[in-house]
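Examining the three-dimensional arrangement
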Amino acid sequence: MGYCLTDLINACQNDWRAYIEHDFVRQLGAATLSEESFRHYLKQDYLFLIHFARAWGLAVYKSRDMTELRHSLDSLKTIVDTEMGLHIGYCREWGIDEESLHDLPEAHETLAYTRFVLDCGHRGELLDLHVALAPCLIGYAEVADWITSHPQTVTSDTPYQAWIDMYRDENYQQAARRERRWLDARLAEVSPRRFEQLITTFRDATRLESAFWQMGLDAAS
Ligand SMILES: Cc1ncc(CN)c(N)n1
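Only a predicted model underlies this, so the values are computations on that prediction, with no experimental measurement involved.

What follows covers the site of the ligand. The full set of residues close to the ligand is D45, F48, L49, E83, C136, L137, Y140, E209 and F212. Every element with two or more residues in the shell around the ligand is listed here: α4 (35–62), α8 (126–149) and α11 (192–218). Considering only residue class, the shell around the ligand consists of six nonpolar, no polar and three charged.

Take a look at the structure:
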């Protein structure tokens, strides 16, 4: 029997839990996160999403048949048409207009994470790129579920509810499930040696996600 995404997650269990249950996520769920932290995170996430859309564009480019091409194109559309649209509207509600984001300098956490993923895509195969992208797409679906089921989560009258709803939304959850199925099918065919390489990529991307949350927290200190 071959590998699947759960095996990748299990191989990096500590880093994965540190990402999903990061203090930023806990505070956001409990509505104790400082607005300064969240605003900084939101602004950098706009820049992040642009580069991630480029990375999905690279996955489209690297696709070898119509099935792969359609799959990556669907994820690209989820980011550009759904997530970025909601994100821009959401920023506006926080008093951040899109024009002000055009000249925003990239934080080094944004640079490190986005360029890492693009580099995985350029030097590796399509699977390397998908594995580097997985903590982003699949991780946020899990973060939204974790927040929702956590006993400390505040559900009414919180400035963060709309953000949580964005990632609980069926469209987003469906895109994450679709990606999980795609990865499960590809990982089933890889050798143990290749799987070890993919663990390294997955772990690095997961750590870069945690660093991105931490950047938000640090903005308030
Ligand atoms: C840093 C980061 N990681 C993941 C996502 C969810 N696509 C996001 N918006 N921002």
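So, next bit.
Now for the nonpolar core. Core analysis: the biggest nonpolar cluster contains 50 residues, and A55 and L133 have the highest contact counts within it. Among the elements of the structure, α1 (5–11), α2 (13–20), α3 (23–29), α4, α7 (108–123), α8, α10 (170–187) and α11 are those that each provide at least two residues to this core. If one sorts the elements of this core by residue count, α8 sits on top with 13 residues. Look past the residues within four positions of L133 in its chain and what remains in contact with it is A55 and V117.

Once that is clear, we can look at unusual backbone geometry. Unusually for a residue other than glycine, A31 sits at a positive phi of about 60 degrees. Structurally, A31 can be placed in the loop between α3 and α4. Even without being a glycine, D157 presents a positive backbone phi close to 55 degrees. Turning to its location among the elements, D157 is positioned in the loop between α8 and α9 (161–168). The exposure class of D157 is exposed, given the 7 C-beta atoms found within 10 Å.

Rules used throughout
- Residues numbered from 1 in each chain as written.
- Predicted model: local features only at pLDDT ≥ 70, side-chain atom pairs only at ≥ 80, totals over all residues.
- Near = placed C-beta within 6 Å.
- Helix = DSSP H or I, 4+ residues; strand = E, 2+ residues; numbered from the N terminus.
- Nonpolar A, V, L, I, M, F, W, Y, C, P; charged D, E, K, R; others polar.
- Core = buried A, V, L, I, M, F, W, Y, C linked by C-beta atoms within 7 Å.
- Buried ≥ 20, exposed ≤ 12 C-beta atoms within 10 Å, placed from the backbone.
- Contact = placed C-beta atoms within 7 Å.

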